[in-house]
Amino acid sequence: MDKLELATLGRGYIDKSPYGIFDVRGQEVIVLPTVFIETTHTPIFGELIGELANRVLQTKNQCRVFEMGMGTGTAILTVAKMKGVLASASDIAPMAVLNAKANALWWGVECDIYQGNLFENVPEGQFDVIAWNIPFFKENPGGVEDVKFRAGFDPDYKYLTQFLADCQNRLAENGQLMLGVDYSMCDIDSIYELIEQAGFKSQVFREMNLTWGAMDVVCAFLLLERK
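Being a predicted model, the structure only gives us computed values, none of them experimental.

1. Considerations on the overall build of the chain
Step number 1: Across its full length, the chain holds six helices and nine strands.
Step number 2: Taking 2.2 N^0.38 as the reference for a compact globule, 227 residues should give roughly 17 Å; the C-alpha atoms of the chain span a radius of gyration of 16 Å, in line with that estimate.
Step number 3: Along the first, second and third principal axes, the C-alpha set of the chain runs to 50 × 40 × 30 Å.
Step number 4: Burial status across the chain gives 52% buried among its 227 residues.
Step number 5: The long-range share in the chain, meaning contacts at least 24 apart out of those at least 6 apart in sequence, stands at 68%.
Step number 6: In the structure as shown, the chain presents an accessible area of about 10500 Å², 48% of it carried by carbon and sulfur atoms.

The following block contains the structure:
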């Protein structure tokens, strides 16, 4: 199966994404209509963000953590529970912003949540940890114009390119940037090329075998630092 065929399957998976109240590792999560959540991948992403935050908190009293495209907020709100973490996040989808705010209220955690394209409405400032579980598909199978599909589609990695450029200003000195990718659905060669062009060096922080929809996939979490 080529990547365009995978992208077509991914479009259907996101379009039919369920909503309601889900148990994610013992924590109830509200999922509103049109907001995508991957119940296996998302909590792992949150754990890894927390691991990076813990590294910062070994030497500092506070750690400023930002998640791009937080969706339901499951990952960033898990990290927001940590003592010393100042959490914030942004998503282009208004429904996702409402969703994350609802979960923050339900969980009783503090997190600044913004709505907009990438960093456009995020107040000026830098972060010790920035994380984005990027939209996997570079291909455009058609029918992905609705904002809900931004969870999985970034044709030609237009938004990833801009995000990496923005992070040069948004990442604090000695800060770390983590990207969640997938070896089957992502164009890995293009991603590494964009990372290099943006002035970052990268390493694989963690690899895991996961299930995405009905597919068994290998996800990687890339850790980026300025050159």
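2. Details of the packing of helix H5 (residues 158-170) against helix H6 (residues 188-197)
Step number 1: In contact at an axis separation of 9 Å, H5 and H6 are set at 30° when each is read in the N-to-C sense. Viewed along their axes, H5 and H6 adopt a mutual orientation that is roughly parallel. For H5 against H6, the interelement crossing comes out right-handed. Judged by residue contacts, Leu160, Thr161 and Leu164 of H5 engage Ile191, Leu194 and Ile195 from H6.
Step number 2: Broken down by class, the residue content of the contact of H5 with H6 amounts to five nonpolar, one polar and no charged.

3. Section: the state of the cysteines
Step number 1: Evaluated as defined, the whole model comprises zero disulfides.
Step number 2: Distance from the sulfur of Cys111, which forms no disulfide, to the nearest cysteine sulfur (Cys63) is 13 Å.
Step number 3: For Cys111, a relative accessible area of 14% gives the class buried.

4. Concerning unusual backbone geometry
Step number 1: Look at Arg25: it is not a glycine, yet its phi comes out positive at around 50°.
Step number 2: You can call Arg25 exposed: its relative accessible area is 54%.
Step number 3: Positive phi, close to 55°, is recorded for Leu118, a residue that is not glycine.
Step number 4: Counting through the fold element by element, Leu118 comes out in the loop between strand E5 (112-115) and strand E6 (127-133).

5. A closer look at the pairing of E6
Step number 1: Counting buried residues in E6 gives six out of seven residues, a clear majority hidden from the surface.
Step number 2: Bridge count between strand E3 (residues 63-68) and E6: four bridges; the pairing is parallel. Looking at the pairing, Val65 lines up with Val129 of E6.
Step number 3: The parallel pair E6 and strand E7 (residues 171-182) is bridged by H5, and the resulting crossover is right-handed.

6. Things to note about the pattern of salt bridges
Step number 1: One pass over the full model with this rule turns up seven salt bridges.
Step number 2: Note that Arg25 and Glu47 form a salt bridge whose closest N and O atoms lie 2.1 Å from each other. Of this pair, Arg25 sits in the loop between strand E1 (20-24) and strand E2 (27-31) while Glu47 sits in helix H2 (residues 41-57), and the two are 22 residues apart along the sequence.
Step number 3: Overall, the relative accessible area of 44% leaves Glu47 in the partly exposed class.

7. Thoughts on the environment of Asp166
Step number 1: If you trace the backbone, Asp166 turns up in helix H5.
Step number 2: When its relative accessible area of 22% is taken as the criterion, Asp166 is described as partly exposed.
Step number 3: Sequence separation between Asp166 and Phe119 is 47 residues, and the spatial gap between their C-alpha atoms is 7.6 Å.
Step number 4: Discounting residues that sit within four places of it in the chain, Asp166 has contacts with Leu118 and Phe119.

About the criteria used
Residues numbered from 1 in each chain as written. Predicted model: local features only at pLDDT ≥ 70, side-chain atom pairs only at ≥ 80, totals over all residues. Heavy atoms only, no water. Helix = DSSP H or I, 4+ residues; strand = E, 2+ residues; numbered from the N terminus. Rg over C-alpha atoms; globule rule 2.2 N^0.38 Å. Buried < 20%, exposed > 50% of the residue type's maximum accessible area, 1.4 Å probe, protein only. Contact = heavy atoms within 4.5 Å. Areas by Shrake-Rupley, 256 points an atom, 1.4 Å probe, with all protein chains shown as cover. Axes fitted to C-alpha atoms, helices over the stretch in contact; angles between N-to-C directions. Parallel < 35°, antiparallel > 145°, perpendicular 65-115°, else oblique. Left-handed = near helix turned anticlockwise from the far one by under 90°. Nonpolar A, V, L, I, M, F, W, Y, C, P; charged D, E, K, R; others polar. Disulfide = S-S within 2.5 Å. Pairing = 2+ DSSP bridges. Right-handed = clockwise from strand over helix to strand, strands pointing away. Salt bridge = Lys/Arg side-chain N within 4 Å of Asp/Glu carboxyl O.

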